[in-house]
Each structure stands twice: as C-alpha cells, then as structure tokens.
Amino acid sequence: MGILSRKASRAFRTGLVVIAGIVAAATTSSAAGAQPEKVVELFTSQGCSSCPPADRLAERLVEQEKDVLTVLMPVDYWDYLGWKDTLASPVFSQRQRAYANRRGDRSVYTPQMVINGEEHVVGSREGDVRAALARTDPFTAKVNLKISDMVVQATVDGDLPKGAKMATVYFLRIKEEALVDIGRGENAGRKIRYVNVVQQMQPMGMWSGGVETFRMPKSKLMLKGDARCAILVQIEGPDGPGMIVGAAVMDWQSGF
C-alpha cells in the first residue's frame, strides 16, 4: 500500500505539473494579442446605398483573412440625406479627409477601403481589394498587446521605414457586431449587420524605433460592453496619417 501510494502521489504531482504547464501556456498565448500582417479601414455610412456590399465584404474579410485586421470607421457626412448614422463619428470623417490630403487626390467617398494607411480602393470591389492587399509591404514593427485589470500595455519593437522619423501608437476600442434597423434615407427598411466597428481611437504615444512600451489605464477606456481592442502603429507627417507599420488585436476577455 505504501509503495502504491507513493507511485500514485508521484503520478498526481506529475499530472499537476503538466496541467499547470498547459494553463500557463494558454494564459501566455491569450495575454499576447494576435499580430495581423495587414490593416483594412472601411469608411462606410448607413445613409449610402452603395455601402451594404462593402459592409458584407468587410464581414467576409474578418471571417476569412486571419492575417488581416479589418475595421469599420463609419462617417457622418451623409447624415443630411435623411438618416443619422447611429455608429458614425466626425473623427472618422476627418481621418478619411486627412488620408486624401496626404495622398493629394481629394478622393473622399463611401464605400472606401484604405489598405495599410496608403492605397485606397472602392470598398465593394472585392477583386481590387484583394489585389491591393497582395501589394502591401511587410510591417516593420511587432506589437505585443497585453491587458490586465488595471492597464492596457503595448510593446512595440522594430524599425521605422526609411525616411520616417516618428510613428503614432493608436489604441482602438472596437464593437464586435452591431445590427441596425435603418428607418430613413437610401437604405430605409433594411437591417444591416456591421462588424469590427471602431468606437474610439486615441493615441497612446509616439514611437521612434527600437523597443518601447506604452501604457494607458483601463479605467479611462469606457468599455461599455465592447469585446475587442486593437493597436495601430502609423507613420505621421505634417500633412496627415500615412503608412501603418504594425498592428495587434485582442478580445477583452483574453486579456484578463
């Protein structure tokens, strides 16, 4: 009985070690967010009859392209047509205009997809979108995203592209899904599903290359039930935002 008990005890302890290792590995994996290789921003509007096909394409990209972070940035400049977009923000309208200003082409329209902060394409033309994704350059920065009970922490490691002096590290609060019954305007009577809708976008700091960690208190984020967050590392210039050189995404639940 004594020998059997010792063997059983050793087996039990071994089992505990194995389980602990599995738990630790799972915890480490969930604490560090996924690192997409490309970023798509869809500028869309509930008041635009051309946008629902692009909204559906964005949904397919979210479901199918795991190396692509696809986010929606609803704009408000079509609200005068009779329907006030329930998800829109003037911040996103200004961001879209800033992109056009930097490119120098004045191309501000919906639905528009901007790929890695540079090339823009009509957001409903899947062939053009996928071709633009295939033309992107690799990111030059890696982002390790972690969330604790108190802090959101992003560690950026890498190099700036040649000629760039500084990049902004942005925090994005994302609503995983929204179903909207549209009562007026060009899409009146339709119920449209939106995915990965950006709710908040704010800078965490400026990055000049190398390894640097950026933190912000989680209490300031006004989570409001949102399920997801992301980090973008984006080159900035006097004429507006430019190339995105790094990104990470994480579900809130995975960070706790």
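Values in this document were obtained by computation on a predicted structure and should not be read as measured data.

## Some remarks on the overall build of the chain
Counting its regular elements, the chain contains four helices and 11 strands. Scored against the burial criterion, the 256 residues of the chain give a buried share of 46%. Pairs at least 24 apart in sequence give 69% of the contacts found in the chain among residues at least 6 apart. Accessible area of the chain: about 12,700 Å², with a carbon and sulfur share of 54%.

## Topic: the environment of G123
If you trace the backbone, G123 turns up in the loop between β4 (119-122) and α4 (126-134). When its relative accessible area of 0% is taken as the criterion, G123 is described as buried.

## Points about the layout of surface pockets
The space that makes up the second largest pocket amounts to roughly 160 Å³. The greatest single-element share of the lining of the second largest pocket, amounting to three residues, is contributed by strand β11 (residues 240-251). Each residue belonging to the lining of the second largest pocket can be placed in one class, and the counts come to seven nonpolar, three polar and four charged.

## Digging into the pairing of β4
One ladder, built from four bridges, connects strand β3 (residues 112-115) with β4; its direction is antiparallel. Residue pairing for β4: M113 is matched across the bridge by V121. The hairpin turn running from β3 into β4, its antiparallel successor, is three residues long, and N116 in that turn takes a positive phi close to 50°.

## What to know about α4
Three or more residues of α4 are buried, namely V129, A132 and L133. An end-on view of α4 places all buried positions within 100° of arc, on one side of the element. Facing away from the buried side of α4, by more than 90 degrees, are the exposed residues G127 and A134. Where α4 is buried, its residues touch β1 (38-43), α2 (51-64), β2 (68-72), β3 and β4.

## Side note on the sheet that holds strand β9 (residues 210-217)
Reading across from one edge, β5-β6-β9 is the order of the three strands in this open sheet, with antiparallel pairing throughout. Sheet topology places β5 (141-147) and β9 at the edges, where each strand pairs with a single neighbour. Strand-to-strand twist of the sheet, defined as the mean angle between neighbouring strand axes without regard to direction, takes the value 15°. Pairing between β5 and strand β6 (residues 151-158): seven bridges, direction antiparallel. By the bridge assignment, L145 is partnered in β6 with A154.

## Structural notes on the packing of aromatic side chains
Evaluation of the coordinates by the stated rule reveals three aromatic pairs. Plain terms: the ring middles of F43 and Y99 are 6.3 Å apart, the flat faces sit at 80° to each other, and that makes the pair edge-to-face. Residue F43 is located in strand β1, and its partner Y99 is located in helix α3 (residues 90-103); the two are separated by 56 residues in the primary sequence. Accessibility assignment for this pair places F43 and Y99 in one class, buried.

Here is what the cut-offs are and how they apply
- All chains use their own residue numbering, which begins from 1 and follows the written sequence.
- Residue-level local features of this predicted model are given only where pLDDT is at least 70; pairs of side-chain atoms are given and counted only at 80 or more, and the full residue set underlies all totals for whole chains, interfaces and linings.
- Heavy atoms throughout the structure, all of them, feed into the side-chain values; hydrogens and water do not.
- Elements are defined by DSSP. Helices are runs of H or I of four residues or more, strands are runs of E of two residues or more, and each kind is numbered from the N terminus.
- Buried, partly exposed and exposed residues are distinguished by accessible area as a fraction of the type maximum, computed with a 1.4 Å probe on protein chains only: under 20%, between the cut-offs, and over 50%, respectively.
- Here, residues are in contact when the closest pair of their heavy atoms is within 4.5 Å.
- All accessible areas in this document rest on Shrake-Rupley with a 1.4 Å probe, and a residue is counted as covered only by the protein chains that are shown.
- Residues are said to line a cavity or pocket when one of their atoms sits within 4 Å of a point; the points come from a 1 Å grid over protein atoms alone, cavities being sets where a 1.4 Å probe fits but cannot get out and pockets being open sets with protein on both sides within 12 Å along at least five of seven lines.
- Grid points are joined across faces, edges and corners, and a volume is the space filled by probe spheres set on the points.
- Residue classes follow a fixed rule: Ala, Val, Leu, Ile, Met, Phe, Trp, Tyr, Cys and Pro count as nonpolar, while Asp, Glu, Lys and Arg count as charged, and any other residue, Gly among them, counts as polar.
- Here, strands pair whenever DSSP counts at least two bridges between them.
- Here the arc refers to the set of directions running from the helix axis out to each C-beta atom.
- What counts as an axis is a line fitted to C-alpha atoms, over the stretch in contact for a helix, and the angles between N-to-C directions run from 0 to 180 degrees.
- Paired rings are identified among Phe, Tyr and Trp, the last through its six-membered ring, by centres lying within 6.5 Å, and are further divided according to the angle between planes into stacked (under 30 degrees), edge-to-face (over 60) and tilted (the rest).

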